[in-house]
Amino acid sequence: MTLKTLKIRRPDDWHLHLRDGSMLQAVLPETTRHFARAIVMPNLVPPVVTQDDVVKYRERILAATPEGVDFQPLMTLYLTDKTDPQDVATVYQQSLAGAVKLYPAGATTNSDSGVTNIEKVYGVLEMMAEIGMPLCVHGEVTDPAVDIFDREARFIESVLMPLRDRLPNLKVVMEHITTKNGVEYVESGDPSTLAATITTHHLVIDRNHILVGGIKPHYYCLPVAKRRSHREALLAAAVSGNPQFFLGTDSAPHADEAKESACGCAGIFTATNTMPILAQVFEQEEKLDLLEDYTSRFGAEFYSRPLNKGTLTLIKREE
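Read on for an overview of the structure. These numbers come from a predicted model, not from an experiment.

Okay, the sheet that holds strand E9 (residues 194-198) next. Read across the open sheet, the six strands follow the order E5-E6-E7-E8-E9-E10; overall the sheet is parallel. Among the strands making up the open sheet, the edge pair consists of strand E5 (76-78) and strand E10 (245-247). Going across the sheet, the axis of each strand differs from the next one's by a mean of 30°, ignoring polarity. Sheet analysis places strand E8 (residues 172-174) next to E9, joined by three bridges and oriented parallel. The residue of E9 that forms the bridge with valine 173 is alanine 195.

Another aspect to go through is the pattern of salt bridges. Applying the stated rule across the entire model yields 15 salt bridges. Glutamate 175 is paired through a salt bridge with lysine 101; the nearest N and O atoms lie 3.2 Å apart. Here glutamate 175, found in the loop between E8 and helix H6 (180-187), pairs with lysine 101, found in strand E6 (residues 99-102); they are 74 residues apart in sequence, far enough to count as distant. The partner of arginine 166 in a salt bridge is glutamate 119, and the shortest N-O contact between them spans 3.5 Å. Pair noted here: arginine 166 is in helix H5 (residues 151-166) and glutamate 119 is in the loop between E6 and helix H4 (122-131), with a separation of 47 residues, a long-range link. Residues participating in the shared-partner salt-bridge network are Lys4, Glu283 and Lys316.

What counts and what doesn't
Residues numbered from 1 in each chain as written. Predicted model: local features only at pLDDT ≥ 70, side-chain atom pairs only at ≥ 80, totals over all residues. Heavy atoms only, no water. Pairing = 2+ DSSP bridges. Helix = DSSP H or I, 4+ residues; strand = E, 2+ residues; numbered from the N terminus. Axes fitted to C-alpha atoms, helices over the stretch in contact; angles between N-to-C directions. Salt bridge = Lys/Arg side-chain N within 4 Å of Asp/Glu carboxyl O.

Shown next as structure tokens:
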């Protein structure tokens, strides 16, 4: 029996991992079923670092898109210590890529080619600030002396604050924030130049879900889920109606054997169930009227993209 029907503007995913090859072909339909657009992460092996890489990866994504589906992949460039500022400007001005992704080297899956020191890429970042190209940030330090649960807070203090002081016009998206520190930092910033994505899974799990009663490898992701108090801060931000916070699933598929192993991979695959989960979360918070803004409006407005014209209907049933 149908209990409730909700029709919203078709949503976007502002942080998505599609991988490549057979994995891309398997997981892409799970995103295109619900989402009109997605910012696609460039951390392949080898990573997407050049104009040619972007063009060829986009072609592979379009080839894997189910027939008759209207879906637009929004491509990104992988920032390295050797990235050329003019190459970045050319890719952006030709509308081949809409953002650059900063991975601190070694921070997460396939990030070994990432930035070793922020000072080495200031030439690129200055160019991006000049042309209005957004920077998507994996906000964690990789210093082994810093506890894994403190790496986001330390990144804000030691990297992001100096960066934004130096380049206040640079548009920055703090991807997959996981802490109250991240929420408060975004709230303190200029809404035209600072925003954050929040994942589906960080709204519903904390570190107890990973560790209590045995290790749950399918709940392991990076940045790792934090204390319940941090999850509550993320939830409050997501349902607040503040346009600085919007959906980026960080849906990240791995084969079972890569998750269920002695050294399991980080990543949670949520593309299939994100919209039902979010509907439940927003309904529990009595903010279901704000779901469309969070999934379908705020991200598009920050990235200066038109709102989608299509709709998505969510149906609540007893089972």
